[in-house]
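Listed below, chain by chain, are the residues.
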Amino acid sequence: MEGMKKYIAEFIGTCTLVFIGCGTAMLVGCDAASGCGYILTAFAFGLAIVALAYGVGNISGGHVNPAVSLGVLLSGGMTVTDFCGYVIAQILGALAGSGLLAAIFAMGGVEDKTGGLGTNGLAGVNESIGAGILVEIILTFLFVILILGVTSKNQSHGSFGGLIIGLTLVGIHIIGIGLTGTSVNPARSLGPAIVAAIGGNAGPLKVVWVFIIAPMIGGALAAFVYKFLEDAKN
């Protein structure tokens, strides 16, 4: 029962992240030329994480991201069973958030300014798969190693941990949106891509593997590097 509560929290958290983050991108647009929309989207994702850190963080840790869960797993912070449960819940949550957005925008006749439910793409790196993978590995590595550091038992950030993580995600989006749309989260990418494909736009689904594999590599590298640095310190 305790495990199920964690999975439900991760489902709600990921649904909320996609609904707020991708929903904002759909409303305001997030291309580099739209400076206001660009910044609003970055803050939408970051502030959603801040809210979730304090809302469901005490229940599940507020991962809402398979790459973060992988980093925690490899750092010894969770079991394989919980990892699998978290990832399934996160993907289902992302699908639910994307489904809600699709329904609301369709029913209300609202224009989706991203053209694909806030999905990620490679247009910013001129369709270069290699560049996209590198960007996502680097950004996810930075995000996950920050999370591992902030949440480490050896650190004492008091009640500011969630704020630090959320603001870091804002910064990561500011640099990443113009390159890949900023994923750093396989569930956040997969959910909108699947729902967009169901709606007739299969384009994002063709490259979604980049935004699954690269963040997971980044999360794993962050776990190994952080563990090495922490062991060296001790």
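See the structure printed just above.
Residues numbered from 1 in each chain as written. Predicted model: local features only at pLDDT ≥ 70, side-chain atom pairs only at ≥ 80, totals over all residues. Heavy atoms only, no water.

(A) Structural view of a nonpolar patch on the surface. Together, Ile39, Phe43, Leu47, Tyr54, Phe160, Leu163, Leu167 and Ile174 make up a nonpolar patch on the protein surface, roughly 730 Å² of accessible area in all. Every element with two or more residues in the nonpolar patch is listed here: α2 (35–55) and α7 (161–180). In this fold, Ile174 is placed in helix α7. (Patch = residues over 30% accessible without salt bridge, like charges linked within 9 Å, V, L, I, M, F, W, Y side chains within 5 Å. Areas by Shrake-Rupley, 256 points an atom, 1.4 Å probe, with all protein chains shown as cover. Salt bridge = Lys/Arg side-chain N within 4 Å of Asp/Glu carboxyl O. Helix = DSSP H or I, 4+ residues; strand = E, 2+ residues; numbered from the N terminus.)

(B) How the structure looks around helix α4 (residues 66–74). Counting buried positions along α4 yields eight of nine residues, so the element is predominantly enclosed. Downstream of α4 by one or two residues, Gly76 has phi in the positive range, about 85°. (Buried < 20%, exposed > 50% of the residue type's maximum accessible area, 1.4 Å probe, protein only.)

(C) Representation of the side chain of Ser60. Within the secondary structure layout, Ser60 lies in helix α3 (residues 57–60). In this structure Ser60 comes out as buried when scored by relative accessible area, which is 6%. For Ser60, the side chain forms a polar contact with the side chain of Glu10, separated by 2.6 Å. Setting aside anything within four residues of it in sequence, one finds Ser60 in contact with Lys6, Ala9, Glu10 and Tyr86. (Polar contact = N/O pair within 3.5 Å; in protein donor to acceptor, adjacent residues only side chain to side chain. Contact = heavy atoms within 4.5 Å.)

(D) Just the packing of aromatic side chains, in detail. Under the counting rule described, the total for this entry stands at one aromatic pair. Here Tyr7 and Tyr86 contribute two aromatic rings whose centre-to-centre distance is 6.0 Å and whose plane-to-plane angle is 85°, an arrangement assigned as edge-to-face. Pair noted here: Tyr7 is in helix α1 (residues 2–28) and Tyr86 is in helix α5 (residues 80–108), with a separation of 79 residues, a long-range link. Assessed through its relative accessible area of 18%, Tyr7 is described here as buried. With a relative accessible area of 4%, Tyr86 lands in the buried category. (Phe/Tyr/Trp six-rings, centres within 6.5 Å; stacked < 30°, edge-to-face > 60°.)

(E) Structural detail: the environment of Ile12. Secondary-structure assignment places Ile12 in helix α1. On the basis of relative accessible area, Ile12 is assigned to the partly exposed category, the value being 44%.

(F) Region of interest: unusual backbone geometry. Notably, Glu127 is not glycine yet its phi reads approximately 65°, a positive angle. Considering the arrangement of structural elements, one finds Glu127 in the loop between α5 and α6 (129–150). With a relative accessible area of 51%, Glu127 lands in the exposed category. Of note, Thr182 is a non-glycine position whose phi angle comes to about 60°, a positive value. Residue position: Thr182 is located in the loop between α7 and α8 (186–198). Judged by relative accessible area, which is 0%, Thr182 ranks as buried.

Take it as geometry only, folks, not as evidence of what the structure does.
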